[in-house]
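# Understanding the architecture of this molecule
Each chain, written out:
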Amino acid sequence: LADIQHDLEIIRNKVIEEKDDALSFYTEKFDKVRINPDEFEIKEKDKKSALDFLSNDERKILEKTIKRVFDYHSKQKIKTWFSFDNCEIAEENFIDVINSNFAKNNRFNCDNNANNSGNIIAPGIITGQLISPLQRAGIYVPGGKASYPSSVIMNAIPAKAAGVKELIMVTPPSDKLNNYVIASAVLCGVDKIYRIGGPQAIFALAYGTETIPAVDKIVGPGNIYVATAKKMVYGDVDIDMIAGPSEIAVICDEFANPDKAAIDLMSQAEHDEMAVSTLITNSFDLIENVKKSLEKLILKEDRKNIIEKSLDSNGSLVLTCSVDESINIANALSPEHLELYIRNPFEKLFLIKNAGAVFLGENTPEAIGDYIAGPSHVLPTGGTARFFSPLDTVSFLKRTSVIFSTEGFLNKNAKDIKFFSDIEGLGAHGNSVLMRFTQTDKEI
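Residues numbered from 1 in each chain as written. Predicted model: local features only at pLDDT ≥ 70, side-chain atom pairs only at ≥ 80, totals over all residues. Heavy atoms only, no water.

### Examining the pattern of salt bridges
Scanning the model with the defined rule gives 17 salt bridges in all. Across the pair Glu-18 and Lys-14 runs a salt bridge, and its minimum N-O distance is 3.1 Å. Residue Glu-18 and its partner Lys-14 are both found in helix 1 (residues 2-18); the two are separated by 4 residues, about one turn of the helix. Residue Glu-166 pairs with Arg-136 through a salt bridge whose shortest N-O separation is 2.8 Å. Of this pair, Glu-166 sits in strand 5 (residues 166-170) while Arg-136 sits in strand 4 (residues 136-140), and the two are 30 residues apart along the sequence. In this structure Glu-166 comes out as buried when scored by relative accessible area, which is 17%. Looking at Arg-136, the relative accessible area reads 25%, which means it is partly exposed. (Salt bridge = Lys/Arg side-chain N within 4 Å of Asp/Glu carboxyl O. Helix = DSSP H or I, 4+ residues; strand = E, 2+ residues; numbered from the N terminus. Buried < 20%, exposed > 50% of the residue type's maximum accessible area, 1.4 Å probe, protein only.)

Below is the structure:
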């Protein structure tokens, strides 16, 4: 990893200094494609060709999925809010200003008496929170022989639901454009698409070039070089997360179908040899039957070799004493995907504390979440579900605190402010309050 980071530091510096020329250089070096800056952006005619490539049924599937994902993430949007009580200003005028700026955009909540937790706000002070979307976000979509239209949808649509003003997509160049990826980007409302991939694309998004604008946040999966580049630019821009190998844990009871449990384990194992697949069950018989199912079903899969290597290296079959113990183990693992494949899964749902996404019952395989259910499939990995959340609408929203104080409130609470400033040795803090009052008629 240290060697990778050293190499990437060189690439980053070159992109910052030479911008488009560096992108052309590294694209030819790594992707074996010679491309000039005026060829970076995918033209409108190519976008139209990608849409025309789709059959009617294919376009309907993409549009239906995009709508479902958008509807889900639209429900996550949070609003600007203010709380005040008996404030010594013309409250009606204040509300008029707020309404004119926010209410018409459905971005405003106002509570005259209490804050969101139900506590009364002190007279003479207004507190609130401005919610605003990021101005520009960048999406990285892997290229090569693979086609990932779902990655486009699951990264772009939460940003659109948040109201991000401009979406920029980068994807590695190839001899032939991937029509499904390009068409998905167009249908999702991506504003600009560039034929640039690898770590150089991440650095271009982070710092900008003559052709590619700098963004506020970078999202999307990639190989170890892309993931490391994202980690390096974090702090200069925001990123979604540092994603590791894909993971699934399947909790089963004795009533689970071994073939279904086995194929769900395989659905993650086929991602790559590093994928982690774990069966957790209180049934010894189920473990034995799942073993047999794996041996049988794996023969039918095109990615048989990858599945075998993944399961041999990172597959586990865990026997427990009860479903509750199985859930405790899953909470400790904090997996990216967790299937609760038991009878009456809703009875145990609220015992789940750590998981990127939970899939309930025998008819909810993980694949439904990867593609069409609605929630973004960009999920925390490597146990980080203990403290990270999935990519969602809030990921693209900023929260800005707002405070207004009347003269009376400041006067009444000046001693409290001076108490903190004195014990912390920050005298100017206290003096900034004292200066606002004369010692004659406004004694503290």
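Let's pick the thread back up.
### Considerations on the packing of helix 16 (residues 414-423) against helix 17 (residues 427-434)
Between helix 16 and helix 17, whose axes approach to 7 Å, the crossing angle comes to 165°. As far as their axial angle goes, helix 17 and helix 16 are roughly antiparallel. The two elements helix 16 and helix 17 cross, and the hand of that crossing is left-handed. Taken together, the residues of helix 17 that come into contact with helix 16 (itself represented by Ala-414, Ile-417, Lys-418 and Ser-421) are Gly-427, His-429, Gly-430, Val-433 and Leu-434. (Axes fitted to C-alpha atoms, helices over the stretch in contact; angles between N-to-C directions. Parallel < 35°, antiparallel > 145°, perpendicular 65-115°, else oblique. Left-handed = near helix turned anticlockwise from the far one by under 90°. Contact = heavy atoms within 4.5 Å.)

### Looking at a nonpolar patch on the surface
A contiguous nonpolar surface patch, about 310 Å² in accessible area, is contributed by Leu-1, Ile-224 and Tyr-225. As for its position among the elements, Tyr-225 is in helix 9 (residues 224-233). (Patch = residues over 30% accessible without salt bridge, like charges linked within 9 Å, V, L, I, M, F, W, Y side chains within 5 Å. Areas by Shrake-Rupley, 256 points an atom, 1.4 Å probe, with all protein chains shown as cover.)

### Description of the sheet that holds strand 11 (residues 315-319)
With respect to topology, 5 strands assemble into an open sheet ordered 11-10-9-12-13, the strand pairing being parallel. The open sheet has two edge strands, strand 11 and strand 13 (357-360), and neither has a second partner. If you compare each strand with its neighbour and ignore which way they point, the axes differ by 15° on average. Pairing analysis gives 5 bridges linking strand 9 (residues 247-252) to strand 12 (residues 337-341), with the strands arranged parallel. Residue pairing for strand 12: Val-250 is matched across the bridge by Glu-339. Taken strand by strand, helix 11 (residues 284-297) contacts strand 9, strand 10 (276-281) and strand 11, and its axis lies near 160° from that of strand 11. Most of the contacts of helix 12 (residues 304-314) go to strand 11, to which it runs at about 50°, and overall it touches strand 10 and strand 11. (Pairing = 2+ DSSP bridges.)

### Comments concerning the packing of aromatic side chains
Going through the model one piece at a time under the given rule, you end up with 5 aromatic pairs. A ring pair is formed by Phe-25 and Tyr-26, whose centres lie 5.0 Å apart and whose planes are at 75°; its orientation type is edge-to-face. The rings of Phe-25, Tyr-26 and Phe-30 are connected pair by pair, giving a single aromatic cluster. Geometry around Phe-25 places Lys-14 over its ring, the cationic atom sitting 5.0 Å from the centre. (Phe/Tyr/Trp six-rings, centres within 6.5 Å; stacked < 30°, edge-to-face > 60°. Lys NZ or Arg CZ within 6 Å of the ring centre and 35° of its normal.)

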